[in-house]
Amino acid sequence: MNYRKTVLSAAVGFGLAASLGLGAVPATAADTDTARSGSASASTQGYVGENEEGNRAIFKAVVREAVKKQAAKPGIQQVTVNYSASGAPTFASEIANSTAVWNAAVSNVQLAEGSGATFDYREGDDPRGSYASTDGHGNGYIFLDYAQNQEYDSNRVTAHETGHVLGLPDNYSGPCSELMSGGGPGTSCTNDQPDEAERARVEQLWANGVAEVILEDVAKSTFG
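Structural notes, computed from the coordinates. This structure is a prediction, so every number in the text was calculated from the model and none was measured.

Tallied over the entire structure, the rule returns two salt bridges. Among the ionic pairs, Arg122 bridges to Asp120, the shortest N-O distance being 3.1 Å. Residue Arg122 is classed as buried on the basis of its relative accessible area of 6%. A relative accessible area of 9% means that Asp120 is categorised as buried. Where Arg128 meets Asp126, a salt bridge forms, and the shortest distance between an N and an O atom there is 2.8 Å. Grouping residues by exposure puts Arg128 and Asp126 together as buried.

In structure tokens:
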């Protein structure tokens, strides 16, 4: 969502468990400059200026790793996506909450902090606000902006951005009950739970490890 966001570089940017690994790297100064040069207005406008290319890029990066695991272990019914939270210590509680929210909401894919991370969380100041994207090298990450997380409910911001990792797009015109409506409902909205339709969509995307339609999209490089 970017509790606003513009994409940095969009490369290809969520049995019992197939750990996804990619090894995310910190954003470089060049990444930051590129991001800010394409930024919209200040984060006080809400996370309503995200770039869907970034949302799709991080999902595609995660799915490609899932495809590799699926090929190595055919028949995997549940994928575990590993992440690193070391780059966003200020938001440790919110990240843990987001993981708990999503793991309780869906069963075909689970999130876990650990080695071999497919994506990582980062924090700092960015005029675009918070967003999910890739760094141009296939490494996915979620950036959490300080100012925006003070204006909006931080648990909602974090859970929303994590929703992009799992394949959900923004829908700012939706109600507060819809997690992916992001900042659309305003700063008073504190809901950090996906609604029934959002949960169902994630389950569909990750059915049988990774849904065949998603595998086909990735294989054809048409996703995003």
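Let us look at the pairing of strand β4 (residues 119-124). Within β4, six of the six residues are buried, leaving the element largely enclosed by the surrounding structure. Residue alternation in β4 divides its side chains into two sets, Phe119, Tyr121 and Glu123 and Asp120, Arg122 and Gly124, and both sets are buried. Where strand β2 (residues 79-87) lies against β4, three bridges are found, and the strand directions are parallel. Within β4, the position partnered with Gly87 by the bridge is Arg122. Relative to strand β6 (residues 140-145), β4 is paired through six bridges, and the arrangement is parallel. When the sheet's bridge partners are listed, Tyr121 is paired in β6 with Ile142.

Counting residues in each nonpolar core, the largest one holds 32 residues, and the members touching the most others are Ile95, Trp102, Phe119, Tyr121, Ile142, Val202 and Trp206. Within the residue set of this core, elements represented by two or more residues are α2 (52-72), β2, α3 (92-105), β3 (109-113), β4, β6, α5 (154-165) and α6 (196-205). It is α2 that provides the largest number of residues to this core, a total of five residues. The residues touching Tyr121, leaving out its near neighbours within four places in the chain, are Tyr83, Ser84, Ala85, Gly87, Ala88, Ile95, Ser98, Ile142, Leu144, Thr158 and Thr162.

Turning our eyes to something else, we now look at the packing of α3 against α5. Packing of α3 against α5 brings their axes to within 9 Å, and their N-to-C directions diverge by 55 degrees. With respect to each other, α3 and α5 are oriented oblique. The chirality of how α3 crosses α5 is right-handed. Along its contact with α3, which presents Glu94, Ile95, Asn97, Ser98 and Trp102, the element α5 presents Ser154, Asn155, Thr158, Ala159, Thr162 and Gly163.

Rules and cut-offs
- Residues numbered from 1 in each chain as written.
- Predicted model: local features only at pLDDT ≥ 70, side-chain atom pairs only at ≥ 80, totals over all residues.
- Heavy atoms only, no water.
- Salt bridge = Lys/Arg side-chain N within 4 Å of Asp/Glu carboxyl O.
- Buried < 20%, exposed > 50% of the residue type's maximum accessible area, 1.4 Å probe, protein only.
- Helix = DSSP H or I, 4+ residues; strand = E, 2+ residues; numbered from the N terminus.
- Pairing = 2+ DSSP bridges.
- Core = buried A, V, L, I, M, F, W, Y, C linked by side-chain atoms within 4.5 Å.
- Contact = heavy atoms within 4.5 Å.
- Axes fitted to C-alpha atoms, helices over the stretch in contact; angles between N-to-C directions.
- Parallel < 35°, antiparallel > 145°, perpendicular 65-115°, else oblique.
- Left-handed = near helix turned anticlockwise from the far one by under 90°.

Geometric values such as these leave the question of function open.
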